Amino acid sequence: PLGGRPPPALDPPRRSDEMPPSPSTIKHHPSSVNLELLTSLLREGKEKQLVKFLSKELSCVSMPLAKRLVAELGTRPGPVRDMSRKRPNRRLVAELQWAADTPVDTLQDKQIVALYQLLRDATFGNPSASCLSPVGEYNMRLGIIKELRPDLVATHQESACVVEGHPAVIEAGVCLGGRDAKPGITVYRFANRIPLLFEGGGDVATVVSKKRIAWANYKIRHTQDKIGVFVSLVSTKVPFKGTGKEYIGDDIPEVREAVKRAIEKCCLQLKAKIVKQRALADEREKKKNLTKYIPDVSRALIGMMSQLAEAGGEAGGVCEEAAMEVEEEGRGEEAEQPPPRSRRRFSLSDKLQA
């Protein structure tokens, strides 16, 4: 070591031993493919027929739905029906310009564009979120506690939503207090577990936390309390605004509502803790006040009891003197009165003798 000192530690201490779930490989969702990707899949795919390509190379597309899509291609231009409904299509495939066994290598550019437009207009089921690897509520909570050391912390992971055919998971955390925290709302943003450091004023997390959350309903004073808001978005395609990829816009309803729900769930957890803490604080304050006034109350009670005892003693002496005077007067009256006559009862034998 240089200068006789050991080298600095390059590995930070590990806070958690629980790893996020490993992502799995899924197929492309029909609503998420662009024209270039669709062309590449058609040219490089293993399936040669159009119906098999739609049902096996794309997710959320079954064989009956693939046949309905091919049948729908023959009727365009026109309104596209909701493909998620299982209504039977009675139009014959033979009468359409597209066939179910159309080879994918024979499709022209115009046909690929028509197929791409159909996939964008139709409605499919939601894709699976198993391809994502969010950090998780437990690890997010441990990270917040490690870095900020807050007084209270709550985390929540929202269920997966869909943004332009791509699955997305929103995770949020809200903490109160902490080391080096400032009064007000401080927002920490992450996209695919990478922190976003610039252009945070227009980010969906900043706009929602400062303008769309009624903090007073959760017993939180957003201008006085030290509030930390953590929002993490995990998706196969993060909807960044602009080419700098520094923030996520507030104009996507699915992301905006998911962020709001996640923050509100965290606030509900904090509200329960705050109410409990305030109840305990009120009870401690009552005990403190009682302890403070106990000596004064005790002295007042002792003084009052002493006065009552003295007053009771004087009253007892007066009563004894009055009782003695009454007793003496009664004895004098008895001495002045003559003795009472003795009354004798005569029996029947006395009367006969008389």
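Here goes a summary of the coordinates provided. (Residues numbered from 1 in each chain as written. Predicted model: local features only at pLDDT ≥ 70, side-chain atom pairs only at ≥ 80, totals over all residues. Heavy atoms only, no water.)

The next subject is empty space enclosed by the protein. Under the definition given, this model contains one cavity of 30 Å³ or more. In this structure, the largest cavity occupies an estimated 60 Å³ of space. Taken together, 13 residues line the largest cavity, and the ones lying closest to its centre are Phe190, Asp203, Val204, Val231 and Ile248. Where the lining of the largest cavity is concerned, the elements lending two or more residues are strand S4 (184-191), helix H6 (204-211), strand S6 (226-235) and helix H7 (253-336). When residues in the lining of the largest cavity are grouped by element, the largest group, three residues, is from S6. In the lining of the largest cavity, the residues fall into ten nonpolar, one polar and two charged. (1 Å grid on protein atoms, 1.4 Å probe; cavity = no way out; pocket = protein on both sides within 12 Å on 5 of 7 lines; lining within 4 Å. Points joined across faces, edges and corners; volume = space filled by probe spheres on them. Helix = DSSP H or I, 4+ residues; strand = E, 2+ residues; numbered from the N terminus. Nonpolar A, V, L, I, M, F, W, Y, C, P; charged D, E, K, R; others polar.)

As for its position among the elements, Met140 is in helix H5 (residues 137-148). Beyond its immediate chain neighbours, meaning those up to four positions away, Met140 contacts Val135, Thr155, Glu171, Ala172, Gly173 and Ser232. (Contact = heavy atoms within 4.5 Å.)

By size, the foremost hydrophobic cluster in this structure holds 36 residues, and its most contacted members are Ile170, Trp215, Ile220, Ile227, Val255 and Ile263. Counting residues per element, the ones that place at least two in this core are strand S1 (152-157), strand S2 (161-163), strand S3 (166-176), S4, H6, S6 and H7. With nine residues, H7 is the single largest residue contributor to this core. Among the nonpolar cores identified, the runner-up in size contains 23 residues, and Val51, Leu58, Val61 and Leu107 belong to it. (Core = buried A, V, L, I, M, F, W, Y, C linked by side-chain atoms within 4.5 Å. Buried < 20%, exposed > 50% of the residue type's maximum accessible area, 1.4 Å probe, protein only.)

Where helix H2 (residues 50-57) meets helix H3 (residues 63-73), the closest approach of the two axes is 9 Å, and the angle between their N-to-C directions is 130 degrees. As the angle between them shows, H2 and H3 are arranged oblique. Crossing handedness for the pair H2 and H3: right-handed. From H2, Leu50, Val51, Lys52, Leu54 and Ser55 reach across to H3, where they touch Met63, Ala66, Lys67, Leu69, Val70 and Leu73. Its residues assigned to classes, the contact of H2 with H3 comprises eight nonpolar, one polar and two charged. (Axes fitted to C-alpha atoms, helices over the stretch in contact; angles between N-to-C directions. Parallel < 35°, antiparallel > 145°, perpendicular 65-115°, else oblique. Left-handed = near helix turned anticlockwise from the far one by under 90°.)

Looking now at helix H4 (residues 109-121). Between the first and last C-alpha of H4 there are 18 Å, a value that for 13 residues agrees with the 18 Å anticipated at 1.5 Å per step. For H4, the full list of buried residues reads Ile112, Leu115, Leu118 and Leu119. Buried residues along H4 cover an arc of 120 degrees about the axis, so they all sit on one side. Of the exposed residues in H4, the ones pointing more than 90 degrees away from its buried face are Asp109 and Lys110. Here the buried face of H4 lies against helix H1 (35-44), H2 and H3. (Expected span 1.5 Å × (residues − 1). Arc of directions from axis to C-beta.)

The description of two aromatic rings rests on the distance between their centres and on the angle between their planes. A complete count under the given rule lists one aromatic pair for this structure. Seen in terms of ring centroids, Tyr188 and Phe230 are 4.5 Å apart; in terms of plane orientation they differ by 10 degrees. Their pairing is stacked. One end of the pair, Tyr188, is in strand S4; the other, Phe230, is in strand S6, with 42 residues separating them in the sequence. Classification of Tyr188 as partly exposed rests on a relative accessible area of 30%. The buried category is assigned to Phe230, whose relative accessible area is 9%. (Phe/Tyr/Trp six-rings, centres within 6.5 Å; stacked < 30°, edge-to-face > 60°.)

Another aspect to go through is the side chain of Arg189. Looking at where Arg189 falls in the secondary structure, it is placed in strand S4. Looking at Arg189, its side chain comes within polar contact range of the main-chain oxygen of Phe198, at 3.0 Å. (Polar contact = N/O pair within 3.5 Å; in protein donor to acceptor, adjacent residues only side chain to side chain.)

Take the side chain of Ser235 next. Looking at the element boundaries, Ser235 is found in strand S6. Engagement of the side chain of Ser235 in a polar contact is seen with the backbone oxygen of Pro167, the distance being 2.8 Å. Setting aside its immediate chain neighbours within four residues, Ser235 contacts Leu132, His166, Pro167, Ala168 and Asn192.

Take a nonpolar patch on the surface next. Where nonpolar side chains cluster on the molecular surface, the patch consists of Tyr293, Val297, Leu301, Met304, Met305 and Leu308 and spans about 610 Å² of accessible area. Relative to the helices and strands, Val297 is located in helix H7. Its relative accessible area of 45% is what places Val297 among the partly exposed residues. (Patch = residues over 30% accessible without salt bridge, like charges linked within 9 Å, V, L, I, M, F, W, Y side chains within 5 Å. Areas by Shrake-Rupley, 256 points an atom, 1.4 Å probe, with all protein chains shown as cover. Salt bridge = Lys/Arg side-chain N within 4 Å of Asp/Glu carboxyl O.)

Turning our attention to the pattern of salt bridges. For the structure shown, the criterion picks out seven salt bridges. The closest approach of N and O atoms between Arg189 and Asp203, which form a salt bridge, is 3.2 Å. Pair noted here: Arg189 is in strand S4 and Asp203 is in the loop between strand S5 (194-196) and H6, with a separation of 14 residues, a long-range link. In this pair, the class of Arg189 matches that of Asp203, namely buried. We note a salt bridge from Arg212 to Asp250, for which the minimum N-O separation is 2.9 Å. Here Arg212 is found in the loop between H6 and S6, whereas its partner Asp250 is found in the loop between S6 and H7, with 38 residues between them in sequence.

With that settled, the discussion passes to the pairing of S4. Inspection of the sheet shows S4 paired to S6 by eight bridges, in the parallel sense. Note that in S6 the partner of Thr186 across the bridge is Gly228. Direction of pairing for S4 relative to S5: antiparallel, over a ladder of three bridges. By the bridge assignment for S5, Arg189 is matched with Leu196. Counting the residues that bridge the hairpin from S4 to S5 gives two residues, and of these Asn192 lies at a positive phi of roughly 55 degrees. (Pairing = 2+ DSSP bridges.)

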